[in-house]
Amino acid sequence: MNIKYNYSLLSHNTFGVDVKTDEFIEFDTVEEALTLSKTLAQKKWLMIGQGSNLLFLNDFKGAILHSAIRQMKKIEEDDQWVYIEVGSGVIWDQFVEFCVENGWGGVENLSSIPGEVGAAAVQNIGAYGMEVRETIEKVKAIEIASSQLREFSKENCQYGYRQSIFKNQNKGQYILTSVVFRLSKKPQFKLSYQHLEEEVQKRGSVNLQTIRETIIQIREHKLPDFRVMGNAGSFFINPVISKKHFQRLQSEYPEIPHYYVSQTEEKIPAAWLIEQCGWKGKQVGKVAVHAMQPLVIVNCGGASGNEIKQLADEIQLSVKNKFDIQLQPEVNYIE
Ligand code: EPU
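Residues numbered from 1 in each chain as written. Predicted model: local features only at pLDDT ≥ 70, side-chain atom pairs only at ≥ 80, totals over all residues. Heavy atoms only, no water.

1. Description of the site of the ligand
Cut-off, in case you're wondering: Nearness here has a simple test: a residue counts as near a molecule or strand if at least one of its heavy atoms is within 4 Å of that partner. Within 3.5 Å is the distance limit for a polar contact, defined as a pair of N or O atoms, with the added protein rule that one can donate a hydrogen and the other accept it, and that residues adjacent in sequence qualify only through two side-chain atoms. Residue exposure ignores everything except the shown protein chains as possible cover, and the areas themselves are Shrake-Rupley values with a 1.4 Å probe. Numbered from the N terminus, helices here are DSSP runs of H or I no shorter than four residues, and strands are runs of E no shorter than two. Charged residues are taken to be Asp, Glu, Lys and Arg, nonpolar residues to be Ala, Val, Leu, Ile, Met, Phe, Trp, Tyr, Cys and Pro, and polar residues to be all remaining types, Gly included.
Around the ligand, a shell composed of 24 residues is seen, among which Y128, R162, Y193, E275 and K280 lie nearest. Measuring from an oxygen atom of the ligand, one finds a backbone N or O atom of Y128 at 2.6 Å. A distance of 3.1 Å separates an oxygen atom of the ligand from a polar side-chain atom of K222. Coverage of the ligand by the protein amounts to 83% of the 830 Å² it exposes when considered alone. Within the residue set of the shell around the ligand, elements represented by two or more residues are helix 5 (208–222), strand 13 (230–234) and helix 7 (270–276). The element contributing the most residues to the shell around the ligand is helix 7, with three residues. Grouping the constituent residues of the shell around the ligand by class yields 13 nonpolar, five polar and six charged.

Pasting the structure below:
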């Protein structure tokens with residue numbers, strides 16, 4: 001176990017906000033995480049991955065925990081499937097690369113998403129028509145209250161669009177140690193998202209490798225690299241609104257993009273709402289709305305968490321005023 005005190009989190013959040021934590025504790029094994037769990041009852045603590053979905057508003061008065069459990073091992077295999085147990089501290093994209101190199105399908109569309117495996121399972125990361133819940137078999141985590149290792153089946157994780165039990169009713173109660181994935185040895189490609197199929201075909205043949213390359217290229221084109229300009233990917237979740245509300249908006253804005261959710265609900269791209277409010281490419285002080293994808297807020301250099309939140313608040317207010325839609329941050333504000 002590695003413990004640091006009064007430690008800067010600058011390299012542990014992709015927004016590049018310079019705050020400190022009282023303690024930074026990194027555990028290397030499940031046994032260390034069990035020992036650690038017994039010390040947390042009276043403490044303020046937060047487990048982070050790569051910090052790619054967080055916004056620190058202040059110095060953190062407690063302990064930040066980080067997993068350095070980085071094994072990837074095959075635990076089972078049959079003609080169709082392979083089951084891989086992956087430590088919560090593995091960099092997400094290294095796992096995707098490993099799967100693609102081995103010819104195992106199921107996560108290739110999630111190439112190049114920043115973050116670590118534990119956080120991916122908490123947030124149910126998704127992109128280009130794929131969500132991580134589709135390949136998760138189980139999640140292993142330590143329950144703080146009992147210091148016991150528990151296993152959650154995928155059903156018990158209660159996954160939804162960017163949702164899981166670990167973000168909702170069980171928030172702050174578990175330390176994730178590993179995730180078991182079920183990957184396909186006979187992959188069926190998912191290429192229906194916008195022009196994805198056409199883009200992949202330009203590379204000659206359609207396979208896991210060319211899908212991965214295409215996704216990486218699309219993301220590089222649209223999304224800013226946090227190592228160059230701090231950001232946390234999508235700042236807001238795409239809102240789901242009632243069909244009635246949608247019809248009202250559609251009569252005023254016939255071009256409004258939308259995705260069918262159910263007979264009574266439609267999902268609207270937050271990027272469109274934000275662009276319509278005139279925010280695309282706009283800079284306010286040290287913070288800006290990305291010019292290629294207005295769903296992304298960027299730190300132009302040296303912005304504080306509160307400066308970033310202020311711009312997010314203004315965006316929320318203008319979308320509320322214009323469309324009567326309350327945008328919800330996907331990014332977690334940490335006090
Ligand atoms: N749009 C605009 N203006 C823009 C960009 C987009 O109006 O400048 C509208 C267009 O109608 C476009 C639609 O928004 O068709 C959707 O845009 P895009 O395909 O870029 O996807 P998104 O819904 O904005 C979601 C995820 C992304 C993920 C992409 C691709 C959420 C909150 N975000 O964005 O995830 O990469 O789909 O699948 O669901 C992330 O979570 O950090 C992230 C980047």
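What follows continues from the structure just given.
2. A closer look at the side chain of T214
Heads up, the rule is: Contact definition: two residues touch when any of their heavy atoms are within 4.5 Å.
Inspection of the secondary structure puts T214 in helix 5. Only 3.1 Å separates the side chain of T214 from the side chain of R203, close enough to count as a polar contact. From its side chain, T214 meets the backbone oxygen of T210 in a polar contact 2.6 Å long. Leave out the neighbours within four places in its chain, and T214 touches L196, E199, V200 and R203.

3. Details of the pairing of strand 19 (residues 296–299)
Selection rule: Each residue is placed in one exposure class: buried if its accessible area under a 1.4 Å probe, protein chains only, is under 20% of its type's maximum, exposed if it is over 50%, and partly exposed if it falls in between. Whether two strands pair depends on DSSP finding at least two bridges between them.
Of the two faces of strand 19, both are covered, the one formed by V296 and V298 as well as the one formed by I297 and N299. Where strand 13 lies against strand 19, three bridges are found, and the strand directions are antiparallel. Counterpart to G230 in the pairing with strand 19 is N299. Alignment of strand 18 (residues 287–289) against strand 19, held across three bridges, turns out to be antiparallel. Bridged to V287 within strand 19 is N299. Between the end of strand 18 and the start of strand 19, which pair antiparallel, lie six residues.

4. Structural notes on the packing of helix 2 (residues 92–102) against helix 5
Which entries qualify depends on this criterion: Angles shown run from 0 to 180 degrees and are taken between the N-to-C directions of axes, each axis being a line fitted to C-alpha atoms and, for helices, limited to the stretch in contact. Our angle categories are set so that under 35 degrees counts as roughly parallel, over 145 as roughly antiparallel, 65 to 115 as roughly perpendicular, and the remainder as oblique.
For the pair helix 2 and helix 5, interaxial distance at closest approach is 9 Å and the crossing angle is 150°. As summarised for this structure, helix 2 and helix 5 are arranged roughly antiparallel, according to the angle between their axes. Taking contact as the criterion, the partners of D93, V96, E97 and V100 in helix 2 are, on helix 5, L208, Q209 and R212. A breakdown of the residues in the contact of helix 2 with helix 5 according to their chemical character gives three nonpolar, one polar and three charged.

5. Side note on the sheet that holds strand 14 (residues 240–242)
If you trace the three strands from one edge of the open sheet to the other, you get 14-16-15, paired in antiparallel fashion. Sheet topology places strand 14 and strand 15 (259–262) at the edges, where each strand pairs with a single neighbour. The average undirected angle you get between the axes of adjacent strands in this sheet is 35°. In this structure, strand 15 lies alongside strand 16 (residues 265–267), joined through three bridges in antiparallel fashion.

6. Some thoughts on the sheet that holds strand 3 (residues 45–48)
Within the open sheet, the four strands sit side by side as 1-2-5-3. Their pairing is mixed. In this open sheet, the two edge strands, each paired with only one partner strand, are strand 1 (2–8) and strand 3. Within the sheet, the average angular offset between the axes of one strand and its neighbour, ignoring direction, is 25°. In this structure, strand 3 lies alongside strand 5 (residues 60–67), joined through four bridges in parallel fashion. Each bridged residue has a counterpart across the sheet, and for L46 the counterpart in strand 5 is I64. Against the sheet, helix 1 (residues 30–37) makes contact with strand 2 (20–27) and strand 5, and its axis sits at roughly 140° relative to strand 2, the strand it touches most.

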